[in-house]
Amino acid sequence: GAVVSQHPSWVICKSGTSVKIECRSLDFQATTMFWYRQFPKQSLMLMATSNEGSKATYEQGVEKDKFLINHASLTLSTLTVTSAHPEDSSFYICSARGTGLLTDTQYFGPGTRLTVL
Amino acid sequence: KQEVTQIPAALSVPEGENLVLNCSFTDSAIYNLQWFRQDPGKGLTSLLLIQSSQREQTSGRLNASLDKSSGRSTLYIAASQPGDSATYLCAVRNAGNNRKLIWGLGTSLAVNP
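Residues numbered from 1 in each chain as written. Chains lettered and ligands numbered in written order. Predicted model: local features only at pLDDT ≥ 70, side-chain atom pairs only at ≥ 80, totals over all residues. Heavy atoms only, no water.

### Brief notes about the pattern of salt bridges
Stage number 1. Here the structure, examined in full by the defined rule, presents five salt bridges over all chains.
Stage number 2. Between Lys66 of chain A and Asp88 of chain A there is a salt bridge, and its shortest N-O distance comes to 2.9 Å. Within this pair, whereas Lys66 of chain A is found in the loop between β6 (57-58) and β7 (67-73), its partner Asp88 of chain A is found in the loop between β8 (76-81) and β9 (90-98), the two being separated by 22 residues in sequence. Assigned by exposure class, Lys66 of chain A and Asp88 of chain A land together as buried.
Stage number 3. Note that Asp39 of chain B is salt-bridged to Arg37 of chain B, the shortest N-O span being 3.0 Å.
Stage number 4. By relative accessible area, which is 17% here, Arg37 of chain B ends up buried. (Salt bridge = Lys/Arg side-chain N within 4 Å of Asp/Glu carboxyl O. Helix = DSSP H or I, 4+ residues; strand = E, 2+ residues; numbered from the N terminus. Buried < 20%, exposed > 50% of the residue type's maximum accessible area, 1.4 Å probe, protein only.)

Now the structure itself:
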């Protein structure tokens, strides 16, 4: 089946630094990738949707200058949390939607746990 | 605006029981509905996807039904096992141009040996 990987699986950083999270579709091409954030005991919250080669579409309330998304190829999207603060600590999950027969389904990565000290 | 509700929020059962998790949605104009499993601190595993034209889907001990007109879906787990312990999330994809996934808060299931 379709596999999505994320790297790193967890990261701890100091306040004010930037952190980059990678999301890769391993065995399919993903025209659209999604980035979610999940706080403890809450459901997933969509942050942004990105299509390969174009700018990401951010959800209301999500700062595009703080959460930089790059979808440079059909198998890779990156999320950079700039000038991270403790309130950015969360579980970040990416998801990829394929082409053709895979268009209807989103495949999810294993998530990245970010802790900002 | 589509809203997805899951009940119960938490469930604890002894091993071997058959159980039902419920998901309801407010707007019946959906494209599909999907059930996911999430283990603590982990990502999501897709369990079953039901297209809007379908009534149910089955995979092993899992059966998901969809009643679009009443805005309901159920996930039936037969002969539950401790390994089934996880949070089960229901997500609805709206019909039309805005096909975002709308998520429920999940049902946290504990199956006790």
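Structure's up, so let's keep going.
### Some words on the sheet that holds strand β1 (residues 4-7) of chain A
Residue and element names in this part refer to chain A.
Stage number 1. Judged by pairing direction, the sheet is antiparallel, and its four strands sit side by side in the order β1-β3-β8-β7 without closing on themselves. Looking at the sheet topology across the chains shown, the edges are occupied by β1 and β7. When the angles between neighbouring strand axes are averaged without regard to direction, this sheet yields 15 degrees.
Stage number 2. Bridge analysis of β7 against β8 gives five bridges, and the strand direction is antiparallel. Looking at β8, one finds that Ile69 is bridged to Leu79. (Pairing = 2+ DSSP bridges. Axes fitted to C-alpha atoms, helices over the stretch in contact; angles between N-to-C directions.)

### Examining the pairing of strand β3 (residues 19-25) of chain A
Residues and elements named next belong to chain A.
Stage number 1. Residues Val19, Ile21, Cys23 and Ser25 point to one face of β3 and are all buried, whereas Lys20, Glu22 and Arg24, pointing to the other face, are not buried.
Stage number 2. Examined bridge by bridge, β1 and β3 share four bridges and lie antiparallel to one another. Paired with Val4 across the bridge in β3 is Ser25.
Stage number 3. Alignment of β3 against β8, held across six bridges, turns out to be antiparallel.

### Topic: the nonpolar core
Stage number 1. Ranked by internal contacts, the top residues of the largest apolar core, which has 24 residues, are Trp35, Phe67, Leu79, Tyr92 and Leu114 of chain A.
Stage number 2. Only β2 (10-13), β3, β4 (30-38), β5 (45-51), β7, β8, β9 and β11 (112-116) of chain A provide two or more residues apiece to this core. (Core = buried A, V, L, I, M, F, W, Y, C linked by side-chain atoms within 4.5 Å.)

### Re the environment of Pro82 of chain B
Residues and elements named next belong to chain B.
Stage number 1. For Pro82, the location among the structural elements is in the loop between β8 (72-77) and β9 (86-94).
Stage number 2. On the basis of relative accessibility, which here comes to 32%, the residue Pro82 falls in the partly exposed class.
Stage number 3. Placed 67 residues apart in sequence, Pro82 and Glu15 show a C-alpha to C-alpha distance of 6.4 Å.
Stage number 4. If we skip the residues at most four places from it in the chain, Pro82 touches Glu15, Val111 and Pro113. (Contact = heavy atoms within 4.5 Å.)

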